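In case you want the letters, here they are:
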Amino acid sequence: MKIAKSFKLALNILVHSKLRSWLTILGIVIGVAAIVAIVSIGEGLKQNVQSRLQGMGADQITISPGGGRAQGGFRGPGGPEDDHGGGSGVTSEDTKNLTKIDLQVLRSVPNVAAVQGIISGRGEAYYLAQTATLSVQGVDPTAYNEMTSAELESGRFLGPSDYNAIVVGYSIASRTFKQPLALNRIITIEGKPFKIVGILKESGSMGGDDNRIIMPIDAARDTLPDMDPNRLDTIIIKAATADDVDQVTLDADTKLMMSRHKTNSTKDYSIRSAKEAQARMASISSTLTLFLGAIAAVSLLVGAIGITNTMFTSVLEKTKEIGIMKAIGAKNRDILMIFMLNAALVGAVGGLLGIALGTLTSKLLPLIGLRLMGGGPGGMTTAVTPQLVILAFAVAVGIGIIAGAIPAYRASKLKPVDALRYE
Amino acid sequence: MKPVIELKKVYKTYEMGETTVEALKNVTLQINQGEFVAITGPSGSGKSTLMNIVGCLDTPTSGTVLLDGKDITKLSESQLAQTRGKKIGFVFQQFNLIPTLNAMQNVMLPQEFQDTDSAIAGKKSKQLLDLVGLSDRMTHLPSQLSGGQLQRVAIARALSVDPDIILADEPTGNLDTKTGQFIMQTLKEINKNNGKTIILVTHDLHLARMAKKIIMIKDGQVEKIEVNK
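Now for a description of the structure that goes with this document.

What counts and what doesn't
- Residues numbered from 1 in each chain as written.
- Chains lettered and ligands numbered in written order.
- Predicted model: local features only at pLDDT ≥ 70, side-chain atom pairs only at ≥ 80, totals over all residues.
- Helix = DSSP H or I, 4+ residues; strand = E, 2+ residues; numbered from the N terminus.
- Contact = placed C-beta atoms within 7 Å.
- Core = buried A, V, L, I, M, F, W, Y, C linked by C-beta atoms within 7 Å.
- Buried ≥ 20, exposed ≤ 12 C-beta atoms within 10 Å, placed from the backbone.
- Pairing = 2+ DSSP bridges.
- Axes fitted to C-alpha atoms, helices over the stretch in contact; angles between N-to-C directions.
- Expected span 1.5 Å × (residues − 1).
- Bend = angle between axes of the 7 residues up to and from the residue.
- Nonpolar A, V, L, I, M, F, W, Y, C, P; charged D, E, K, R; others polar.

1. Regarding the overall build of chain A
Turning to step 1, where the next piece is worked out: The number of helices and strands found in chain A is 13 helices and twelve strands.
Turning to step 2, where the next piece is worked out: Of all intrachain contacts in chain A linking residues separated by at least 6 positions in sequence, the fraction that spans at least 24 positions is 81%.

2. Considerations on the nonpolar core
Turning to step 1, where the next piece is worked out: Ranked by internal contacts, the top residues of the largest apolar core, which has 125 residues, are Val32(A), Val36(A) and Ile199(B).
Turning to step 2, where the next piece is worked out: Looking at this core, the element that brings in the most residues is helix H2 (residues 19-54) of chain A, giving 15 residues.
Turning to step 3, where the next piece is worked out: With residues near it in sequence (within four places) discarded, Val32(A) still touches Leu300(A), Gly350(A), Gly351(A), Gly354(A), Ile355(A), Gly358(A), Ala392(A) and Ala396(A).
Turning to step 4, where the next piece is worked out: Of all hydrophobic cores here, the second largest spans 48 residues; its members include Val115(A), Tyr170(A), Leu200(A) and Ile214(A).

3. Concerning the sheet that holds strand S5 (residues 70-71) of chain B
Whenever strands of a sheet pair, they do so through backbone hydrogen bonds, lying parallel or antiparallel.
Residues and elements named next belong to chain B.
Turning to step 1, where the next piece is worked out: The strand order across the open sheet formed by four strands is S2-S1-S4-S5, and the pairing between neighbours is antiparallel. The sheet is open, and its two edges are formed by strand S2 (19-32) and S5, each paired on a single side.
Turning to step 2, where the next piece is worked out: With five bridges joining them, strand S1 (residues 3-16) and strand S4 (residues 62-67) adopt antiparallel strand pairing. Pairing of lysine 8 across the sheet is with threonine 64, part of S4.

4. Thoughts on the sheet that holds strand S8 (residues 197-202) of chain B
Residues and elements named next belong to chain B.
Turning to step 1, where the next piece is worked out: Overall, mixed pairing links the six strands, which are arranged S6-S7-S8-S3-S9-S10 in an open sheet. Each having just a single partner strand, strand S6 (88-91) and strand S10 (221-227) make up the two edges of the open sheet. When strand polarity is set aside, the average angle formed by the axes of neighbouring strands in this sheet is 20°.
Turning to step 2, where the next piece is worked out: Sheet analysis places strand S7 (residues 165-169) next to S8, joined by five bridges and oriented parallel. Across the sheet, aspartate 169 pairs through a bridge with valine 201, a residue of S8.

5. Quick word on helix H12 (residues 386-412) of chain A
Turning to step 1, where the next piece is worked out: For H12(A), which comprises 27 residues, the first-to-last C-alpha distance of 37 Å matches the rise-based estimate of 39 Å (1.5 Å per residue) to within 8%.
Turning to step 2, where the next piece is worked out: The largest bend in H12(A) is about 45°, located at Ala405(A), with the proline Pro407(A) one to four residues further on.

6. A word on the interface of chain B and chain A
Turning to step 1, where the next piece is worked out: Tallying the contact residues gives 22 residues for chain B and 19 residues for chain A.
Turning to step 2, where the next piece is worked out: In terms of residue count, the dominant contributor to the side of chain B that touches chain A is helix H2 (residues 77-87) of chain B (seven residues).
Turning to step 3, where the next piece is worked out: When grouped by side-chain class, the residues that make up the side of chain B that touches chain A number eight nonpolar, seven polar and seven charged.

7. Looking at helix H3 (residues 103-113) of chain B
Turning to step 1, where the next piece is worked out: Summarising burial for H3(B): eleven of the eleven residues are buried, a large majority.
Turning to step 2, where the next piece is worked out: Inspection of H3(B) places Ala103(B), Met104(B), Gln105(B), Asn106(B), Val107(B), Met108(B), Leu109(B), Pro110(B), Gln111(B), Glu112(B) and Phe113(B) among the buried residues, and these make up the whole buried set.
Turning to step 3, where the next piece is worked out: For H3(B), the secondary structure elements touched by its buried residues are helix H1 (3-15) and helix H10 (332-364) of chain A together with H2, helix H4 (118-131) and helix H5 (147-159) of chain B.
Turning to step 4, where the next piece is worked out: Just beyond H3(B), the residue with positive phi is Asp115(B), at close to 60°.

Dropping the structure here:
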């Protein structure tokens, strides 16, 4: 019998199947939907993290004070940090700030395009009779402009000759004060007037400057409270190319250890590249996806057992028909093909419905506020990728075929005489 | 006349737990091309077993069965199915149509198992349904047809691949007398007009008398063969 005819007969069985078969299909639908929805959360998380990390720039290396080697937790650039972990035995009391000397040392590392020291702090800002404590970053304008991935909403970046000028992040400009900040307005920070020369576009990313005021480093040193003239809170190195990042990280680390008279175990700073952080986050989210996917796979397994069960019943129910078909010339192979195709169809229909349901669920999930998983701006995102759809469909059909194999084989082996006698 | 089916020293035994039942004992018979033969006998006589072997649905424990001179006991299961599908058309007491296929699809089915081209199969099936007077019922499902109509679809199906032999197992058993007579008449016409060999299996002696040759089975053996004039 031709495969097209077998397919038609298999489809005929499916179309005329009883409620029980549809319940079986429902098992597959739920299993596939669960996998699609769960994996889409993982994918969304991965994309979310990646897009947020992109704000850091793949060719940049961040050095912050505080102990800890590579095994410490992920930290964004900027902001004072103290790290009690990492097994280095360094506590916050031992932590020494980064200094301008470190900056000089790092400038001599080969394949470095630029190095900049940043100081961070919080300052009280006053604007139109309203005060707010804001995060302030002091940067070297020339190096900052070269390294930043931020884009301007309006105005300009800081220039080398600026002093009383600031660039404000999008959130601060639009949300912090009742009256949105505008270009050329004067805002008072720690009692000193600053002119807003630029407003950044919303970045939404982890390394972004949405909630930050950026000012020249000299101005920051003079303005922010408790500033040591040599202190730097973060040093960012930009490697010549993204490919140099690993080597530059290594060289910078070595030089810094030498100049600070530290060894690997007494190190009082941490150095990490965005690339490394990206890889780590990607691996974390993959593990999470895999774990969640495995849970969903259990429901698919239950669905598969359901198919097998229903197929066995179906074969039993159709024993007489199998006998008839064999009497009028069906070969074992024909019967096997019809029932295998039927099982594959059950899987395919279940898979398609499951993908539809899973996609729908994945679209609805962010709306019902599972915000904790995604975090950050925009909350949770989910992504149903074409690969996921193809994979889910293939798995559903595959499960149908595997689950249907034994019942179909049994059906094909029925003796026509016995099958015809079956009531 | 050319023999279409020959049984030589056929034995069929069934193992029923500890005991062995000999359903057929040393059966030798011959059915010729174009004959209308009835196989009859009381229930338990081995009539059904004989029908299964004659219809190539089952193979004997020992002995040979020649279909068109070829020994079918040496065929594999698939070859047997192929041969059966091509050479023998079945008409059952229970009609045995596929309930989820309509009349037309049921008639086409044997041709599809023989890989006949769809267009040819469709045309042929239409002609056959026309022949049995069901051209207006082609798209009806078996559940929408009466007993007589079902049996006529079954006859059309049996003729579908143009087999040499039509094997009818109690074809009127589930029908009222009048419809039964119509079916018997149809079978007779097929025998007369199309030259098909008809093998009628029935326990009803009265019905068997409609055949030219009556093979009477008792206790697994051929009791006697009557020839109607």
